[in-house]
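Below are the chains, spelled out letter by letter.
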Amino acid sequence: MAGFFGLFDYNKPGPGVPKDAPAKSPFIVFFQILQRKFWNFIKVNIMFLIFNLPALVLGMLAMLYFFPNIFPNAMNDPEMLLNDTMLKFILLTIMMCLPMVTVGPAQAGFTYIMRNYSREEHAFLWGDFKDTAKKNMKQSLIVSAINFIVTFLMLFSIRAYYALIEQAQIPQIIGLLGISIMSVMFALFACMSMYIYPTMITFDLSLKNLYKNSFIFAVIKFLPNIGILLLCALIVFLSFGMIITFNPLIGFIPYFLLTFSLIGFITNFYVYPKLEKYIIARIDEEDDDDDDDDDEDEDEGGGNYDNVDFDDKEVDFEEEEGEDKDEDEDEIKRYF
């Protein structure tokens, strides 16, 4: 007899999860995944930082060039200069987390792992990271260059309006209007950035439609998106002691170990259900309708169809030819 009257038999299967068990709330699922994958989050964070060093260096150089002094007279006080540089680094960290400033292929591989974790699927840390980076190499490099340029052009525009107001070169009302418009555009672009890479690694889209669909999600979910952006900024500011006062250098510990993977998980955990609800469900529904039509045609002897694995089929909507090409150009085809 195994165990002691069956009480300590560890080979005995457990009761399992009932089929009709209620679904867990996303809040509980989030922390359960975070707990199970905690050490993997640390590994992914370190790996991502290593491959993202070029973006960190270029981003910091751009911050120093476009924003020489965030604090007035920072160059006259060593302590103020340190705080000024630290604030630039923290703001850059937020932009890298969103991600607005990043190395495209590394971000694609990182996003694939975080997306899989968010939908409770397995991912090979190095293998999936490398394969996804290679698969999206060209498009992700273009996206990272575009995002980098647009991000710093908008920030430079906001700073330019402030300078023009201070120097009384334009009326204050015009300057404030310009700052407001550019700030809203910057926030909207930050919202788009959360969707760009998850959409890129999930669907086969042209560059134009990648930005188009990210823009649509940024607009229709603007307020929840802003909430996620503020949460991400809050995490970074908290870790560097910008809200609860402590030595900002302590923030480098979570920065090297967890900050990027935690925020990446938060954004993908938030974004993927939107993609699933508004795009994937629609595509699955269309595929089901097509399968029903095919079955009817086969029953009538009207066609000869080969077996196709739709889960692995890669379809580009831009390959459609004929008169319906323009109508189908905006469709999104799932290829995972």
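Details of the structure are given in the entry above.
Procedures and definitions
- Residues numbered from 1 in each chain as written.
- Predicted model: local features only at pLDDT ≥ 70, side-chain atom pairs only at ≥ 80, totals over all residues.
- Heavy atoms only, no water.
- Helix = DSSP H or I, 4+ residues; strand = E, 2+ residues; numbered from the N terminus.
- Buried < 20%, exposed > 50% of the residue type's maximum accessible area, 1.4 Å probe, protein only.
- Salt bridge = Lys/Arg side-chain N within 4 Å of Asp/Glu carboxyl O.

*Asks:* Can you explain unusual backbone geometry? Please cite residues and give values.
*Replies:* Of the consecutive residues Leu98 and Pro99, the connecting peptide bond is found in the cis state with omega at -5°. Of note, Pro99 is situated in the loop between helix H4 (78-97) and helix H5 (104-118). Residue Glu120 is not a glycine yet carries a positive backbone phi of 60°. Its location among the elements puts Glu120 in the loop between H5 and helix H6 (125-135). According to the relative accessible area criterion, Glu120 is partly exposed, its value standing at 48%. Unlike most non-glycine residues, Ala168 shows phi in positive territory, near 55°. Tracing the sequence through the fold places Ala168 in the loop between helix H7 (137-166) and helix H8 (172-202). On the accessibility criterion, Ala168 (63% relative accessible area) is exposed.

*Asks:* Got a sec to walk through the pattern of salt bridges? Specific residues and values, please.
*Replies:* The tally for this structure, following the rule as stated, stands at 3 salt bridges. One salt bridge in this structure joins Arg36 and Glu120, with 3.6 Å as the shortest N-O distance. Taken together, the residues Arg36 in helix H1 (residues 26-36) and Glu120 in the loop between H5 and H6 connect sequence positions 84 residues apart. One salt bridge connects Glu121 with Arg119, and the closest N-O pair in it is separated by 2.9 Å. On the basis of relative accessibility, which here comes to 36%, the residue Glu121 falls in the partly exposed class. For Arg119, a relative accessible area of 19% corresponds to the buried category.

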